[in-house]
Amino acid sequence: MAKKLKILIFPDPRLRKVANKVVKFDKSLQNLANDMLATMYDANGIGLAATQVDYHIRLVVMDISEEKNDPKIFVNPAYKVLDDYKLFEFEEGCLSIPGFNEIISRPDKIELIWQDLSGKEHKDCPEGLLTVCIQHEIDHLDGKLMVDYVSSLKRDRVRKKLLKDFKRK
Ligand code: GNR
Ligand code: NI
């Protein structure tokens, strides 16, 4: 049965680790993906990277559907920005930075490659929210966070607030 995992909260240094490529497509990878989906749905998120639950492998889960009935799993996801891209502004949130929402600009046209749980390779040019979300998740796998795109003043403010909340618990 799927179990809920604990989500690391900024500025936990484990969120800065760079995740390793998945090379074994086994039952334990499937189990982790299932646990991550359960964790994401429970937290009302639309995406979750393994890094956020302290597994440092290149695995992402996502469900951007309205009905929350379209789970997607990306193993070893990577993207190239296409030549005719424009910057697209979108208000993002992050389960690892509760209470922090900011408008972030990202390229709106990418070519995405990934593998599924069996190791089969896929390629697609996503649109809309998926394009935003997968860039946000791949950032997590590279130890990067939304706060890295905002001013150091805002970053320090949210850092101090979340540290204070953490110590109060
Ligand atoms: O739940 C989430 N919502 C969201 C909204 C806009 C852009 C990205 C996201 S991902 C986020 C969940 C999360 O923290 N994933 O890493
Ligand atoms: Ni996030």
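Before any of the text, the structure's been laid out above.
Residues numbered from 1 in each chain as written. Chains lettered and ligands numbered in written order. Predicted model: local features only at pLDDT ≥ 70, side-chain atom pairs only at ≥ 80, totals over all residues. Heavy atoms only, no water.

Student: I tried to follow the side chain of glutamine 52 on my own but got confused; where do I start?
Tutor: Assignment of secondary structure puts glutamine 52 in the loop between strand S1 (47-49) and strand S2 (59-62). What glutamine 52 contacts, discounting residues up to four positions off in sequence, is Lys6, Ile7, Leu8, Leu15, Cys94, Leu95, Ser96, Glu137 and His140. (Helix = DSSP H or I, 4+ residues; strand = E, 2+ residues; numbered from the N terminus. Contact = heavy atoms within 4.5 Å.)

Student: I would appreciate a short explanation of the environment of leucine 163 in the present structure.
Tutor: The residue leucine 163 is located in helix H3 (residues 152-168) in this model. Taking the C-alpha atoms as reference points, leucine 163 and aspartate 12, separated by 151 residues in sequence, lie 9.2 Å from one another.

Student: Whenever I open this one, the coordination of the nickel ion (ligand 2) confuses me. Can you help?
Tutor: Reference values for coordination geometry: four tetrahedral donors around a metal ideally subtend 109.5 degrees, six octahedral donors ideally subtend 90 or 180 degrees. Distances from the nickel ion (ligand 2) to its protein donors, Cys94 (SG), His136 (NE2) and His140 (NE2), fall at 2.1 to 2.4 Å. Here the donor residues of the nickel ion (ligand 2) share one chain and are spaced in sequence as C-x41-H-x3-H. With cysteine 94 in the loop between strand S4 (87-93) and strand S5 (101-107) and histidine 140 in helix H2 (residues 129-141), this residue pair connects regions lying 46 residues apart in the sequence. Judged by relative accessible area, which is 10%, cysteine 94 ranks as buried. Given the relative accessible area of 1%, histidine 140 is considered buried. (Donors = N, O, S within 2.8 Å, 3.2 Å for Na, K, Ca; no water. Buried < 20%, exposed > 50% of the residue type's maximum accessible area, 1.4 Å probe, protein only.)

Student: Quick question: what am I supposed to make of the pattern of salt bridges here?
Tutor: Pairing of side chains with opposite charge becomes possible as their charged atoms draw close. Here the structure, examined in full by the defined rule, presents 15 salt bridges. A salt bridge links aspartate 35 to lysine 3, with the nearest nitrogen and oxygen atoms 3.6 Å apart. Taken together, the residues aspartate 35 in helix H1 (residues 27-42) and lysine 3 in the segment before H1 connect sequence positions 32 residues apart. With relative accessibility at 8%, the residue aspartate 35 sits in the buried group. Here lysine 24 ties to aspartate 26 by a salt bridge, and the two come within 3.9 Å at their closest N and O atoms. By relative accessible area, which is 57% here, lysine 24 ends up exposed. Among the charged side chains, a salt-bridge network with shared partners connects Asp12, Arg14 and Asp54. (Salt bridge = Lys/Arg side-chain N within 4 Å of Asp/Glu carboxyl O.)

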